[in-house]
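Observations on the model geometry
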Amino acid sequence: ANDLSLQADYLFEALKQNVYLEAISSYLDLIHLRQSYDLTEQSLKLSKNNLDFKVQQHNSGDISDIELEKAKLEEGNKIFVNTLALMELAIRIDMPVIFENPRESRVWLTDELDHLLKVYGGKRCNTDFCQYGTKWRKPTTFAFWNMAPPGDDCDPLETCGGKDNI
């Protein structure tokens, strides 16, 4: 009986330590998520300032249409990379995450998004969607992590009051 009591005490202490370590790990993940969010917010402000400067250069004739479009693309890519980094942090701490983009968007072809889907068990769902409730519904893909998608295998998602596409 004494051995069982010692074993129970040992297992209880081990369980307390594991819970404590999990709590610390979750807390550190939240701190990292907050720091990443703050850095992303600062980065987006700098990106907007840079893009505003490029637009001014374009308007004054200092750069061409192609150079302006290249700057816009570079800024969009930076935003995409920052978004994926924040998504991954949120997914790792078991927060529900939903990502949406047009079905034919090139983002669905990127290795980075494919990595998040495969490694963290994300589920892609195709639907026709209108965020404004109009009859016009665009082909859209959603990805879900840490939550069940709506509907059976995502189709149909309730959108635009169930109206048909036009």
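Basis of the calculations
- Residues numbered from 1 in each chain as written.
- Predicted model: local features only at pLDDT ≥ 70, side-chain atom pairs only at ≥ 80, totals over all residues.
- Heavy atoms only, no water.
- Phe/Tyr/Trp six-rings, centres within 6.5 Å; stacked < 30°, edge-to-face > 60°.
- Buried < 20%, exposed > 50% of the residue type's maximum accessible area, 1.4 Å probe, protein only.
- Helix = DSSP H or I, 4+ residues; strand = E, 2+ residues; numbered from the N terminus.
- Polar contact = N/O pair within 3.5 Å; in protein donor to acceptor, adjacent residues only side chain to side chain.
- Contact = heavy atoms within 4.5 Å.
- Axes fitted to C-alpha atoms, helices over the stretch in contact; angles between N-to-C directions.
- Parallel < 35°, antiparallel > 145°, perpendicular 65-115°, else oblique.
- Nonpolar A, V, L, I, M, F, W, Y, C, P; charged D, E, K, R; others polar.
- Salt bridge = Lys/Arg side-chain N within 4 Å of Asp/Glu carboxyl O.
- Core = buried A, V, L, I, M, F, W, Y, C linked by side-chain atoms within 4.5 Å.
- pLDDT = per-residue confidence, 0-100.
- Pairing = 2+ DSSP bridges.

Re the packing of aromatic side chains
Under the defined criterion, the tally for this structure stands at 3 aromatic pairs. Ring geometry for F99 versus W108: centroids 5.5 Å apart, planes at 75°, classification edge-to-face. On the basis of relative accessible area, W108 is assigned to the buried category, the value being 7%. Through successive ring pairs, a cluster of aromatic residues spans F80, F99 and W108.

A few points about the side chain of T140
As for its placement among the helices and strands, T140 is situated in strand 3 (residues 138–145). A polar atom in the side chain of T140 sits 2.9 Å from the backbone oxygen of K138. Apart from residues lying up to four places away in sequence, T140 is in contact with E100, N101, P102, R103, C125, N126, T127 and F129.

Side note on the packing of helix 1 (residues 2–59) against helix 2 (residues 65–92)
Between helix 1 and helix 2, the least distance of the axes is 10 Å, while the angle of their chain directions is 170°. When the axis of helix 1 is compared with that of helix 2, the two are roughly antiparallel. Taken together, the residues that form the contact of helix 1 with helix 2 break down as 11 nonpolar, 8 polar and 7 charged.

Considering unusual backbone geometry
Generally, phi is negative for residues other than glycine and the peptide bonds are trans, each holding for most cases. The phi dihedral of D94 is positive, around 65°, even though this residue is not glycine. Relative to the elements of secondary structure, D94 occurs in the loop between helix 2 and strand 1 (97–102).

Points about the pattern of salt bridges
Think of it this way: side chains of opposite charge can pair up when their charged atoms draw near. Scanning all chains against the criterion turns up 5 salt bridges. For the salt bridge of K72 with E69, the shortest nitrogen-to-oxygen distance reads 3.5 Å. Of this pair, K72 and E69 both sit in helix 2, separated by 3 residues, roughly a single helical turn. A residue is classified by how much of its surface remains accessible, and E69, at 46% relative accessible area, is partly exposed. With a shortest N-O distance of 3.5 Å, R103 and D128 are connected by a salt bridge.

A few points about the side chain of Q57
Its place among the elements puts Q57 in helix 1. Leaving out residues up to four positions away in the same chain, Q57 has contacts with D62 and I63.

A look at the nonpolar core
Side chains of a nonpolar character, in soluble globular proteins, are inclined to be buried together. Counting residues in hydrophobic clusters, the biggest one holds 14 residues, and the most contacted among them are M87, F99, L113 and W145. Listed by contribution, the elements that provide at least two residues to this core are helix 2, strand 1, helix 3 (111–119) and strand 3. Considering every element that reaches this core, the biggest residue donor is helix 2, with 5 residues.

Re the confidence of the model for the protein chain
Averaged over every residue, the pLDDT of the protein chain is 81; residues scoring 70 or more account for 90%. For the protein chain, helix 1 is the element with the lowest average pLDDT, namely 80, and helix 3 is the one with the highest, namely 95. Overall, residues 156–166 carries pLDDT values under 50, and its contacts beyond four positions in sequence, including any with other chains, amount to 23 contacts.

Describing the sheet that holds strand 2 (residues 123–129)
Reading across the sheet, the 3 strands line up as 1-3-2 and stay open at both edges, with antiparallel pairing between neighbours. Sheet topology places strand 1 and strand 2 at the edges, where each strand pairs with a single neighbour. This sheet shows a mean twist of 25° between the axes of neighbouring strands, independent of strand direction. Sheet analysis places strand 2 next to strand 3, joined by 7 bridges and oriented antiparallel. Within the sheet, the bridge partner assigned to C125 lies in strand 3 and is F142. Sheet contacts for helix 2: strand 1 and strand 3; angle to strand 1, the most-contacted strand, approximately 150°.

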